[in-house]
2 protein chains.
Amino acid sequence: MNKRDDLAHKAATMYYVQEQTMDAVAKEFDVSRATVSRLLKYARDTGLVRITVADAPSERNELGGRLEKNFGIHAQVVPVRGSSSPIGQMEQVSRVAASALDGMMEPGTVLGMAWGSTVTEMSRHLVPRKVPDSVVVQLNGAGNARRSGIPYTGAILNSVAEAFGSQIVHFPVPAFFDYADTKQAMWRERSIRSVLHLQSQVDVAVFGVGALNGPVPSHVYSSGYLDERDFDVLSKEGVVGDICTVLLREDGTWQDIEMNRRASGPTPVELSRVRRRLCVVSGPHRAGALLGALRARAVTDLVVDSLTAKILLDKTAAARTLQPRGHE
Amino acid sequence: MNKRDDLAHKAATMYYVQEQTMDAVAKEFDVSRATVSRLLKYARDTGLVRITVADAPSERNELGGRLEKNFGIHAQVVPVRGSSSPIGQMEQVSRVAASALDGMMEPGTVLGMAWGSTVTEMSRHLVPRKVPDSVVVQLNGAGNARRSGIPYTGAILNSVAEAFGSQIVHFPVPAFFDYADTKQAMWRERSIRSVLHLQSQVDVAVFGVGALNGPVPSHVYSSGYLDERDFDVLSKEGVVGDICTVLLREDGTWQDIEMNRRASGPTPVELSRVRRRLCVVSGPHRAGALLGALRARAVTDLVVDSLTAKILLDKTAAARTLQPRGHE
DNA sequence: CCTTGAGGTGAACGTTTGTGCAGAAGTGAT
DNA sequence: ATCACTTCTGCACAAACGTTCACCTCAAGG
C-alpha cells in the first residue's frame, strides 16, 4: 500500500525534522496519537526514516582499543549488562552488527554471507535500504531444513537481499561433504565454479563463529553432518569451533585438520582476500573459537559483546605471560 | 572536550542502535537518567547521531504537487497549524529547509548564501556535518550591524560554515549602493571580481524572499539603505519584494527597475546559472514576492508553509481565470 | 445471508523521556 | 583561601510516548 507510505513520510517529517510532538501530528492528520506512534515505527522499520550513529572515534584505552591494537582489526564492543539473558545479549550484538554492515554497503558491493544463529538474528535487524547493483552470495553450504530455530538458509539470504535490494546467489552444496572426493568433483562443475568465482570477488563477508562445546553446540555440530567418529577426531585434534564451516583450533591453525577437506566454506586464506570481513560474536563460550579466528587473520571488523571481549583479552594476556617465547 | 563526545557516542549507540532505554544506559554508565537524556540531545545536536527522512515521493495531488507542476520546481510544503504563532511557523519551515539544504551538500559544493531572517533561522537548525572542500560565499551585500534581530551577516555565514566545515568568502559591499556608478567602479576591483567569480561557480544557492509590505517589512527596507523617495518609486513601480536584494514585481519582472542597478545581489538571470536554488519562505505576506520569484525562474527548490502555498496557488489560479490571454 | 479472519483504530494505562530547579563541582581571578 | 562565575548533576514532576485491549471495518468464502 502506498497511502500508508505517504502518511508515514509526512508524519516522519513533522516529527523528526520539525520536531513536533506526536500529538500535534495526530491533530494535523485527524487521527489518534497512537496511530501516529505506529506510523513512525513503520517509517523507521521501512527505512523511510534513518537513524545513524557516527563511526566510533577509535575507542580509547577500552576493551575495543585493546582488541584493535592486539589484532589489528576494527572492533566494536557492545556493552552488555550481565543481567540480561543470553538471547537479549545476542540481540544487542546483532543490532550493532546490522548497523555496522549497513555502513559497509555501497553501490556495487558483493556481500558474502555465512549462515548461523548470529547472522540470522542480525538479518532480522537490518533496516531496508536499496543498494544498487549489490549482490548477496552464500559463502558456505547450507543446512537443509528448518532446524534449531535457524530458518532455511535461503530465507536468511532472502531477507538480507530484500533489505538491500540485492541479487541472490545460492551455493547449493552441503555444509560438509561425506567424501572429500565428492567435493573435488563438485568443485569442477560449471555451476559451482561460477559461484566460487563470485565468492572470490566478495567485497564484504559476514559470519559468526561456531563453538564446538558450550551450552548449545553450534548447529553445524548438531545437524547430522558430522557423526560420532568425527566428533572424537575433532576433540583429539584440539578443534574449538569454526568459521564458515571451516574448523579451527584456538591457536588459529586449521590447515592440517583432515575434516576441512570436506568442508564447503572458504578457508581463512581464501577469506583474507576479502577486503572487509565482519565477524559477529555473542556469548562467552565462543571466546576460544573467536580467538582462533582472529589468529587466523580471518577478521577485519569485529562486533562482540563486552563479556566475551574481556575473556578473549584475558586469554591472550595469559598466553603471553606464560609463553613469552610461545610454543603452546 | 572529548570525553563527552566519547560518552555521548556510546550512549547514542546503546540507545539508538541497540534500542535500550535511557534507564539501561544510565545504569551502564552509573549516572542519572537525566544525564543520559542530555547526552543524547548533545549527540543529536552535534551530528554524532543523524536522523534523516527519505526524500519526498513527489507529493501526490497535494499542494506540493500542484506547485511542482505549475512552476516546474521541487517543492516541499510544510504543514502548519493555523494555531501556532508566526514565529513558530517560521521555525517549522526553517527546520525543514535546514534538512533540505543538508541533503544538497556534497563534497566540493560551493554554497551561495543570502542573508535574511528566514535564512538566519535556518542556519540555527543545521546539524553539524563536515563536507570536505565546501565553500560558503556571501551572495549579496551586507547589513552593517546587528539589526532587528538579524545578527551581523558574518555571523550567519560563520555558523553555516561551521556546521559544514566550509571555507568562508565574504562579499564586502553594501546591500544597495547610493550611486550606480560606485557599484560599477567596485565591480572592477580585483578583490570584488574574485568574489563575483566565485559566485558564478555556486552549486547551491539559498535565499528567502523579502516582502515590501506586511506586518514587518523586510529588513532590506528598514535598514536605511533606501530613503523616502526610493520607497515612493518602488510603490509606483509595482514592486512587491526582493530576492537577494534584487527588487521584483509580482509578475516576475525586474529588469527595468532602476534601483536594481544599485543592488548588490545576483539578478535572477545570474542566479539561474546555479544548478540548485533553494528558496525558503514563511508567512503569507510574502506570497506576492514569492510568486514574482517563481515567475522569474529564480527557484528550483522551494520550502514553504502550507498557508502561503495555498495563497500562492490561489493567486495563480485567479490570474489564469481572469486573463486567459494575460495582459496584467 | 452470515461467518470468519486480517488489518486497522482509539481509549486507557503504565512506562519512558524532557526539563526547571537547587545544589555540587569545577575554574580562574583577586 | 575566597569569591564570583560557569558548568554539570540528580531529583522530582509534567509531558510525551508505546502498547494492550476491545472494538470496528472490510473482504473472502461458505
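Predicted model only: the values in this text are computed from it and were never measured. (Residues numbered from 1 in each chain as written. Chains lettered and ligands numbered in written order. Predicted model: local features only at pLDDT ≥ 70, side-chain atom pairs only at ≥ 80, totals over all residues. Heavy atoms only, no water.)

Side note on the protein's contact with DNA strand C
Here comes step 1: Close to DNA strand C lie 13 residues, the nearest being Thr 35 of chain A together with Tyr 15, Met 22, Arg 33 and Ser 37 of chain B.
Here comes step 2: One of the side-chain nitrogen or oxygen atoms of Arg 38 of chain A is found 2.9 Å away from a base nitrogen of DNA strand C.
Here comes step 3: Between a phosphate oxygen of DNA strand C and a side-chain N or O atom of Ser 37 of chain B, the distance comes to 2.8 Å.
Here comes step 4: Every element with two or more residues in the surface near DNA strand C is listed here: α3 (33-45) of chain A together with α3 (33-45) of chain B.
Here comes step 5: The element contributing the most residues to the surface near DNA strand C is α3 of chain B, with five residues.
Here comes step 6: Looking at the surface near DNA strand C, its residues break down into five nonpolar, four polar and four charged. (Near = heavy atom within 4 Å. Polar contact = N/O pair within 3.5 Å; in protein donor to acceptor, adjacent residues only side chain to side chain. Helix = DSSP H or I, 4+ residues; strand = E, 2+ residues; numbered from the N terminus. Nonpolar A, V, L, I, M, F, W, Y, C, P; charged D, E, K, R; others polar.)

Digging into the protein's contact with DNA strand D
Here comes step 1: Close to DNA strand D lie 14 residues; Tyr 15 and Met 22 of chain A together with Ser 32, Thr 35 and Arg 38 of chain B are nearest.
Here comes step 2: Considering DNA strand D, the proportion of its atoms within 4 Å of the protein that are sugar or phosphate atoms stands at 50%.
Here comes step 3: Contacts to DNA strand D include Lys 41 of chain A, whose side-chain N or O atom sits 3.3 Å from a phosphate oxygen.
Here comes step 4: Secondary-structure elements contributing two or more residues to the surface near DNA strand D are α3 of chain A together with α3 of chain B.
Here comes step 5: A per-element tally of the surface near DNA strand D places α3 of chain A first, with five residues.
Here comes step 6: Its residues assigned to classes, the surface near DNA strand D comprises five nonpolar, four polar and five charged.

Let's talk about the relation of the copies chain A and chain B
Here comes step 1: For these two chains of identical sequence, chain A goes onto chain B by a turn of 180° and a shift of 0.0 Å along the axis, with RMSD 0.0 Å. Here the two chains are linked by the operation of a two-fold rotation axis. Within chain A, the C-alpha atom positioned nearest to the axis of rotation is that of Ile 51 of chain A, 2.2 Å from it.
Here comes step 2: A high fraction, 100%, of the interface residues of chain A reappear at the interface in chain B, so the copies pair face to face through one surface. (Least-squares fit on C-alpha atoms with pLDDT ≥ 70 in both. Contact = heavy atoms within 4.5 Å.)

Observations concerning the sheet that holds strand β5 (residues 167-169) of chain B
All names here are of chain B.
Here comes step 1: Across the sheet, seven strands lie side by side as β2-β11-β10-β6-β3-β4-β5; this open sheet has parallel pairing. Among the strands making up the open sheet, the edge pair consists of β2 (74-78) and β5. Between one strand and the next, the sheet's axes are offset by a mean angle of 15°, whatever the strand orientation.
Here comes step 2: As paired strands, strand β3 (residues 110-113) and strand β6 (residues 204-207) are joined by three bridges and run parallel to one another. Within β6, the position partnered with Met 113 by the bridge is Val 206. (Pairing = 2+ DSSP bridges. Axes fitted to C-alpha atoms, helices over the stretch in contact; angles between N-to-C directions.)

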